[in-house]
There are 4 protein chains.
Amino acid sequence: MKVLFCGDIVGRAGRDVVIKEVPRLRRELGLDFVAVNGENAAAGFGITAKICGELHAAGVDCITTGNHAWDQREIIPYIAQDKRLLRPINFPPGTPGWGANLFQTARGQKIVVINVMCRLFMDALDDPFRGVDAELAKYTLGSTANFILVDVHGEATSEKQSVGHYCDGRVSAVLGSHSHVPTADSWILPGGTAYQTDVGMCGDYDSVIGMKKESAVQRFVRKVPGERLAPAEGEGTLCAAVVESDDRTGLATAVRPIRLGGRLPQAL
Amino acid sequence: MKVLFCGDIVGRAGRDVVIKEVPRLRRELGLDFVAVNGENAAAGFGITAKICGELHAAGVDCITTGNHAWDQREIIPYIAQDKRLLRPINFPPGTPGWGANLFQTARGQKIVVINVMCRLFMDALDDPFRGVDAELAKYTLGSTANFILVDVHGEATSEKQSVGHYCDGRVSAVLGSHSHVPTADSWILPGGTAYQTDVGMCGDYDSVIGMKKESAVQRFVRKVPGERLAPAEGEGTLCAAVVESDDRTGLATAVRPIRLGGRLPQAL
Amino acid sequence: MKVLFCGDIVGRAGRDVVIKEVPRLRRELGLDFVAVNGENAAAGFGITAKICGELHAAGVDCITTGNHAWDQREIIPYIAQDKRLLRPINFPPGTPGWGANLFQTARGQKIVVINVMCRLFMDALDDPFRGVDAELAKYTLGSTANFILVDVHGEATSEKQSVGHYCDGRVSAVLGSHSHVPTADSWILPGGTAYQTDVGMCGDYDSVIGMKKESAVQRFVRKVPGERLAPAEGEGTLCAAVVESDDRTGLATAVRPIRLGGRLPQAL
Amino acid sequence: MKVLFCGDIVGRAGRDVVIKEVPRLRRELGLDFVAVNGENAAAGFGITAKICGELHAAGVDCITTGNHAWDQREIIPYIAQDKRLLRPINFPPGTPGWGANLFQTARGQKIVVINVMCRLFMDALDDPFRGVDAELAKYTLGSTANFILVDVHGEATSEKQSVGHYCDGRVSAVLGSHSHVPTADSWILPGGTAYQTDVGMCGDYDSVIGMKKESAVQRFVRKVPGERLAPAEGEGTLCAAVVESDDRTGLATAVRPIRLGGRLPQAL
Ligand SMILES: [Fe+2]
Ligand SMILES: [Fe+2]
Ligand SMILES: [Fe+2]
Ligand SMILES: [Fe+2]
Ligand SMILES: [Fe+2]
Ligand SMILES: [Fe+2]
Ligand SMILES: [Fe+2]
Ligand SMILES: [Fe+2]
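The rules behind each value
- Residues numbered from 1 in each chain as written.
- Chains lettered and ligands numbered in written order.
- Predicted model: local features only at pLDDT ≥ 70, side-chain atom pairs only at ≥ 80, totals over all residues.
- Heavy atoms only, no water.
- Contact = heavy atoms within 4.5 Å.
- Buried area = accessible area lost by both parts, 1.4 Å probe.
- Salt bridge = Lys/Arg side-chain N within 4 Å of Asp/Glu carboxyl O.
- Polar contact = N/O pair within 3.5 Å; in protein donor to acceptor, adjacent residues only side chain to side chain.
- Nonpolar A, V, L, I, M, F, W, Y, C, P; charged D, E, K, R; others polar.
- Least-squares fit on C-alpha atoms with pLDDT ≥ 70 in both.
- Donors = N, O, S within 2.8 Å, 3.2 Å for Na, K, Ca; no water.
- Tetrahedral: all angles 85-135°; square planar, octahedral: opposite > 155°, others 65-115°.
- Helix = DSSP H or I, 4+ residues; strand = E, 2+ residues; numbered from the N terminus.

Visitor: Looking at this structure, how should I read the interface of chain B and chain D?
Guide: By a widespread convention, an interface's size corresponds to the accessible area lost as its parts come together. Contact residues are listed per partner, giving 17 residues for chain B and 17 residues for chain D. Summing the contributions of chain B and of chain D, the shared interface buries around 1,200 Å²; its carbon and sulfur component is 62%. Joining chain B to chain D, the criterion identifies two salt bridges. Salt-bridge contacts for Lys-223 of chain D lead to Asp-123 of chain B; the nearest nitrogen and oxygen are separated by 3.2 Å. Scanning the region where chain B abuts chain D turns up four residue pairs in polar contact (both at pLDDT 80 or more). Each residue belonging to the side of chain B that touches chain D can be placed in one class, and the counts come to 10 nonpolar, three polar and four charged.

Here it is, written out as structure tokens:
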């Protein structure tokens with residue numbers, strides 16, 4: 001099957017390019033499933049039920065999140081009842097929502113999406129490695145799950161690569177989010193798992209990780225709080241990776257980056 | 001002029017691919033200047049005088065470093081007398097070595113290399129922004145310096161992008177290192193500065209940031225110290241960015257990534 | 001001379017005990033000077049002009065701060081014109097306010113207060129060691145300054161002790177703040193500088209660092225944002241250190257902790 | 001019963017004062033049980049089987065550790081077979097050794113020692129709160145356990161206080177370690193649990209957390225690696241807390257700090 005995963009959507013610029021391009025990509029690339037990371041969709045901080053609805057209407061099947069999952073408090077009741085919106089699986093027991101979900105495509109394929117968060121330079125959640133293990137124990141790749149996608153939301157490249165190797169051969173793809181910059185290291189690991197350290201942000205790259213650059217730069221230069229951060233409003237780039245796999249093994253046969261619109265070098 | 005900057009060289013795999021490819025790239029691309037980040041060249045930790053010599057013999061003009069600059073203690077006297085080996089400029093006064101240097105190319109162009117380190121999730125060095133400012137005050141871009149290259153060695157994409165925007169229009173290129181993963185965001189900022197968040201490591205990518213994956217993964221999974229980390233020994237990928245500029249303005253006219261050999265998708 | 005330094009005032013419980021006890025302590029102990037750290041005086045976050053006025057009315061000569069200096073935005077114009085309110089000296093140039101000030105006591109003694117912030121596990125300000133050096137260069141201890149007090153606002157005991165030893169013999173006292181817990185290590189360093197790693201918070205200790213314990217504990221247990229933090233409202237403890245010194249040398253002759261009111265073991 | 005807990009023993013100075021004073025304290029105070037944190041006993045880094053033997057010979061019943069547990073690799077087989085040496089309970093499953101143990105005193109009282117590590121500004125272990133919960137589920141305080149002692153090894157005062165309140169009424173004492181500085185906040189929480197944020201180090205306080213001050217200060221001032229850290233060799237201070245409890249309820253009736261020898265103000 002063919003799966004697209006778009007990285008952190010930041011504000012209106014990110015939402016616009018995703019809503020514009022996903023329907024076309026679904027059609028032209030023959031995609032079976034589309035997941036996006038939506039943790040910054042609402043003005044850079046969190047996501048709302050309304051935005052989830054707009055993304056689903058545009059053809060997004062599953063929305064993952066990360067450390068910004070809870071920035072909009074209204075999402076807490078929503079995430080507790082809509083399993084198409086995930087939060088990292090390694091939040092402690094009792095956290096609202098789900099960290100993984102099994103979806104069925106129009107062609108009847110079964111795909112599991114697992115959202116997991118790293119810990120280095122981030123909040124101390126539960127162990128991401130055991131979190132993934134526990135979820136993987138529920139499925140047989142190539143049989144009860146035709147595709148398993150792991151969104152590894154993390155800061156340190158070392159930890160994201162470690163999650164990749166740890167899952168190699170056991171999932172179809174480990175694709176990263178959170179850094180808001182696409183990496184150029186998409187390849188298929190020796191065990192058959194597609195890997196890319198970060199698929200990059202969907203948003204305006206003439207910015208600091210999607211936020212207006214003037215105030216964001218000043219945060220580093222001056223240490224006194226300045227203007228509130230707000231999303232940059234120039235044309236957004238959709239950043240994603242597309243993975244092709246063999247439904248009978250669940251392993252990847254190809255992975256490549258997508259970059260459409262905005263400032264970055266284009267790739268399709 | 002045309003300048004190549006290769007990211008963190010990790011161990012033998014990284015040295016081999018750099019020593020093999022740089023002479024050819026100099027010739028085929030018509031490069032005027034080659035800089036590399038060498039902070040992990042010596043078995044993953046630091047660099048030695050012998051390795052500096054080998055890199056210079058292969059056509060490397062300038063070697064930058066970062067947080068691993070001092071891992072090999074023998075480098076301290078060396079760095080104090082050879083200005084072709086830099087350490088980040090924002091180490092406190094009294095630190096051996098230099099954080100920037102002016103070079104002259106075979107065609108007589110003047111190029112300044114500035115090595116600077118970020119602070120977010122890293123050691124608390126002096127302010128990188130003021131460090132760069134102080135150095136830039138010595139030159140006039142397009143006149144006393146035909147090209148100014150900033151190696152921004154940092155963990156957080158937000159801080160590296162902030163250095164990029166902060167320098168935009170004042171230097172020819174801001175190219176990142178330290179994450180050991182190439183990013184796909186090379187573009188020319190509005191003011192004319194070429195930018196890429198990280199040029200990526202030169203080393204074996206079937207690894208965790210260049211080190212053997214088994215023991216590196218175990219460091220995250222188990223919390224008891226295990227095997228010593230050692231560089232992965234598979235075929236290395238040279239990861240770099242090449243920047244073209246107008247000597248009269250010092251601003252960039254083109255920037256693109258290079259990836260040669262090893263596991264990653266190739267780019268030239 | 002005899003100097004009292006009270007640690008971080010947290011909310012009303014902290015303000016009440018300071019305002020109640022300082023007048024009595026000034027009188028009964030024969031204090032020449034009183035400094036307090038006020039960074040959490042305004043409902044746990046920052047300080048206001050009104051609170052500064054109340055503290056001065058109670059006999060506080062100087063108010064220091066720390067990482068919470070700017071939590072109340074209204075303080076920015078105030079701190080820029082009243083040198084009795086300090087912010088850490090190692091904020092970058094251009095930061096509103098002052099990091100040190102020279103005061104004169106009723107008996108004509110000259111006392112310098114220096115507020116400095118550590119960097120380990122905190123924001124990357126300028127070098128605290130060079131920051132203190134630059135200020136100390138302006139005075140001769142025992143002559144142009146009869147007393148020099150350093151409020152070292154920091155997280156790591158190692159860095160605070162390092163500031164103590166670094167200043168030993170050059171200042172009258174290095175007294176810590178920020179941890180909100182009094183330490184029992186007051187002693188006079190070999191060079192004659194009084195030292196205590198942290199003088200402790202002024203506030204309700206049946207709390208988590210002065211804030212209501214139920215919601216503060218939940219922040220560690222659950223990782224989803226819960227109730228807003230608010231100061232605990234039980235009876236506060238005034239925590240401080242009192243230093244006696246020889247005006248002709250500026251060195252300390254005695255240092256002891258003060259703990260009055262509230263939950264902690266009392267000391268006077 | 002009456003229980004003594006001594007904080008992190010650093011090097012020879014710490015071992016000497018513990019070995020000298022513990023036999024006398026056992027006798028004079030009528031102690032039923034003595035625990036120490038030994039994570040820095042071996043030249044500042046870890047502990048050895050030989051040192052464990054010496055401590056037991058001096059009357060130490062239980063040795064806890066923390067982030068330095070594994071610094072001496074030889075301890076791994078030892079800790080796996082001697083339950084008198086603990087490591088934090090919230091290491092992941094499969095870690096050698098135990099995080100808690102039930103001891104019986106000479107008078108037949110049952111005492112459980114739980115060693116737990118915080119996560120803020122430290123390594124990302126498993127959840128300390130759930131780690132303690134799981135252990136507490138095995139015992140009934142005042143019945144199957146007459147005393148439960150929690151050594152909370154942590155950096156941030158907020159997290160240590162949170163562990164205290166979380167355990168209040170369920171254990172006899174929560175006593176902190178790791179900061180290497182004794183705090184002056186020993187009190188009995190509302191539920192009956194004795195609490196002190198840190199009992200302090202056993203070692204030479206004319207130092208930086210027990211290590212020679214010259215080289216330790218230079219680590220903060222210069223950023224280039226200097227001399228190896230080594231324990232300070234002056235006279236050590238034993239720092240501890242002594243807790244008295246009611247065997248039938250397991251709750252604390254008194255808690256006070258002990259400081260003997262060396263530089264700090266004495267307390268007995
Ligand atoms: Fe994120
Ligand atoms: Fe994000
Ligand atoms: Fe680095
Ligand atoms: Fe590196
Ligand atoms: Fe603070
Ligand atoms: Fe504070
Ligand atoms: Fe420790
Ligand atoms: Fe320790």
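Visitor: Any chance you could explain the relation of the copies chain B and chain A here in plain terms?
Guide: Both copies of the chain are related by a screw-like operation: a rotation about an axis and a shift along it. Of the transformation superimposing chain B on chain A, the axial component is 0.0 Å and the angular component is 180 degrees, with the fit at an RMSD of 0.0 Å. One copy is carried onto the other by what is essentially a two-fold rotation axis. Of the C-alpha atoms belonging to chain B, the one lying closest to the rotation axis is found on Thr-183 of chain B, 2.0 Å away. Taken as a fraction of all interface residues of chain B, those also at the interface in chain A reach 100%, which identifies the copy contact as same-surface.

Visitor: Sorry if this is basic, but what is going on with the coordination of the iron ion (ligand 1) here?
Guide: Between any two of four tetrahedral donors, the ideal angle at the metal is 109.5 degrees; between two of six octahedral donors, it is 90 or 180 degrees. Residues and elements named next belong to chain A. Distances from the iron ion (ligand 1) to its protein donors, namely Glu-39 (OE), Asn-67 (OD1), His-153 (NE2) and His-178 (ND1), fall within the range 2.1 Å. For the iron ion (ligand 1), the four donor atoms in the first shell make angles of 87 to 146 degrees at the metal, so the coordination geometry reads as irregular. Mapped onto the sequence, the donors of the iron ion (ligand 1) take the spacing E-x27-N-x85-H-x24-H. A distance of 3.4 Å spans the gap from the iron ion (ligand 1) to the iron ion (ligand 2), which Glu-39 bridges by coordinating each metal. Of this pair, Asn-67 sits in the loop between β3 (62–64) and α3 (75–79) while His-178 sits in the loop between β7 (173–177) and β8 (187–188), placing them 111 residues apart in sequence.

Visitor: Even after reading the chapter, I still don't get the coordination of the iron ion (ligand 6), so can you show me in this structure?
Guide: Residues and elements named next belong to chain C. Every protein donor of the iron ion (ligand 6) is listed here as Asp-8 (OD), Glu-39 (OE), Asn-40 (OD1) and His-180 (NE2), and their distances to the metal cover 2.1 to 2.2 Å. The coordination sphere of the iron ion (ligand 6) comprises four donor atoms, whose angles at the metal cover 87 to 169 degrees; the geometry is irregular. Sequence spacing of the donor residues for the iron ion (ligand 6), all on one chain, is D-x30-E-N-x139-H.

Visitor: Explain the relation of the copies chain B and chain D here, please?
Guide: Rotating chain B by 180 degrees about the axis while translating it 0.0 Å along that axis superimposes it on chain D, leaving an RMSD of 0.0 Å. Most of the interface of chain B is mirrored in chain D: 100% of its interface residues are interface residues there too.

Visitor: Would you take a moment to explain the interface of chain B and chain A for this structure?
Guide: Tallying the contact residues gives 39 residues for chain B and 39 residues for chain A. Here chain B and chain A share an interface that buries about 3,400 Å² over both sides, 65% of which is from carbon and sulfur atoms. The largest contributions to the chain B side of the interface with chain A come from Ala-184, Trp-187 and Phe-220 of chain B, which together make up 19% of the buried area. Counting every contact that joins chain B to chain A gives zero salt bridges. One can count eight residue pairs in polar contact (both at pLDDT 80 or more) joining chain B with chain A. Elements with a minimum of two residues in the side of chain B that touches chain A: α5 (157–167) and α6 (213–221) of chain B.

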